[in-house]
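Residue-level structural notes
Chain residues, written in single-letter form:
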Amino acid sequence: MSANDTTARIDTETFRAGKGGTPLVCLTAYTAPIAKLLDAHCDLLLVGDSLAMVVYGMTSTVGVDLDTMIRHGKAVTGASKHALVVVDMPAGSYETSPEEAVANARRVIAETGAGAIKLEGGTDMAATIAAIVAAGVPVMGHVGLLPQRAEAEGGFRIKGRNDAEARRVVDDAVAVAKAGAFSLVIEGTIEPVAREITETVDIPTIGIGASPACDGQVLVIDDVIGLFTEFQPKFVKRYGDVAKAVSDAAHSYADDVRSRRFPGKGHVYDAE
Ligand code: KIV
């Protein structure tokens, strides 16, 4: 698989076949214009529920609902043609029962055209993942640091720093793979844990704050381009300064309006 092959959209089977090869490139995308810009460079675009924080300014990811995820999922799918699109199941949409999870997952796929859904959890979510996969909806798992549970656990904390917790994270990953997930996000853990998982499961592991010992990497696009600047986790590498570009543009526009340099002659309609 190559991100340069823009002729066909990557499906979950092709993505899965990327395990152990060239690292898989994944980024979040929430809107059509950003999806369009990222599509050719990525193997996977994740419509993450991180949009609650970076798009809607909420303090955690739990405030976003299914309709919102579907709206953004549809925008990203519609504006991309190469990358596999995966839509996050928001908190509250899949934990109550496997039946409800299946119905909501089906809705996401039917209404967005995405290739798969993602949900957080390990051993405790294995039956739900198996039910969704059995219903024909590909699932990406998510183990380690689980943002939807962070608030309840007292904050974002790296998982697996002691033996018992490391074992739990590995067991979670194995359970998710056994349940039929086609790929797995590993978030916020130490390198030996990520390496053990990657060497144990037969599906691609996608790390975020989980070291290079994964089959691929994912980052939040607003962190990558320097648009979200409230805080910068250690694992983020910033490749741009869009916040400054936007602020500079707004500053120049404000100067021009206040000094009547804008609109200029070229921006005004003639009578004919
Ligand atoms: O919502 C999100 O952006 C995610 C990533 C952290 C993987 O789940």
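Preceding block: the structure.
Rules behind the numbers
Residues numbered from 1 in each chain as written. Predicted model: local features only at pLDDT ≥ 70, side-chain atom pairs only at ≥ 80, totals over all residues. Heavy atoms only, no water. Helix = DSSP H or I, 4+ residues; strand = E, 2+ residues; numbered from the N terminus. Contact = heavy atoms within 4.5 Å. 1 Å grid on protein atoms, 1.4 Å probe; cavity = no way out; pocket = protein on both sides within 12 Å on 5 of 7 lines; lining within 4 Å. Points joined across faces, edges and corners; volume = space filled by probe spheres on them. Nonpolar A, V, L, I, M, F, W, Y, C, P; charged D, E, K, R; others polar. Near = heavy atom within 4 Å. Polar contact = N/O pair within 3.5 Å; in protein donor to acceptor, adjacent residues only side chain to side chain. Areas by Shrake-Rupley, 256 points an atom, 1.4 Å probe, with all protein chains shown as cover.

**A short note on the environment of Ile190**
Positionally, Ile190 belongs in the loop between strand S6 (183-187) and helix H9 (191-200). It is 9.6 Å that separates the C-alpha atoms of Ile190 and Ala213, two residues lying 23 residues apart in sequence. If near-sequence neighbours (up to four positions away) are discounted, Ile190 is found in contact with Ile158, Lys159, Gly160 and Arg161.

**What to know about the layout of surface pockets**
One number sums up the size of the largest pocket: a volume of about 560 Å³. When residues of the lining of the largest pocket are traced back to their parent elements, those giving at least two are helix H3 (51-54), S6 and strand S8 (216-219). Of the residues that constitute the lining of the largest pocket, the class distribution is 17 nonpolar, six polar and seven charged. The volume enclosed by the second largest pocket comes to roughly 340 Å³. Lining the second largest pocket are 19 residues; nearest its centre among them are Cys26, Gln217, Val218, Leu219 and Tyr239. Of all elements in the fold, only strand S1 (24-28), strand S7 (205-208) and S8 reach the threshold of two or more residues within the lining of the second largest pocket. Grouping the constituent residues of the lining of the second largest pocket by class yields 13 nonpolar, five polar and one charged.

**So, the site of the ligand**
Taken together, the neighbourhood of the ligand is formed by 13 residues, with Gly48, Asp49, Ser50, Asp88 and Lys118 sitting nearest. Contact distances for the ligand include 3.0 Å between an oxygen atom and a side-chain N or O atom of Asp49. Here an oxygen atom of the ligand sits 3.1 Å away from a polar atom, N or O, in the side chain of Asp88. In isolation the ligand offers 260 Å² of accessible surface; the protein chains occlude 96% of this area.

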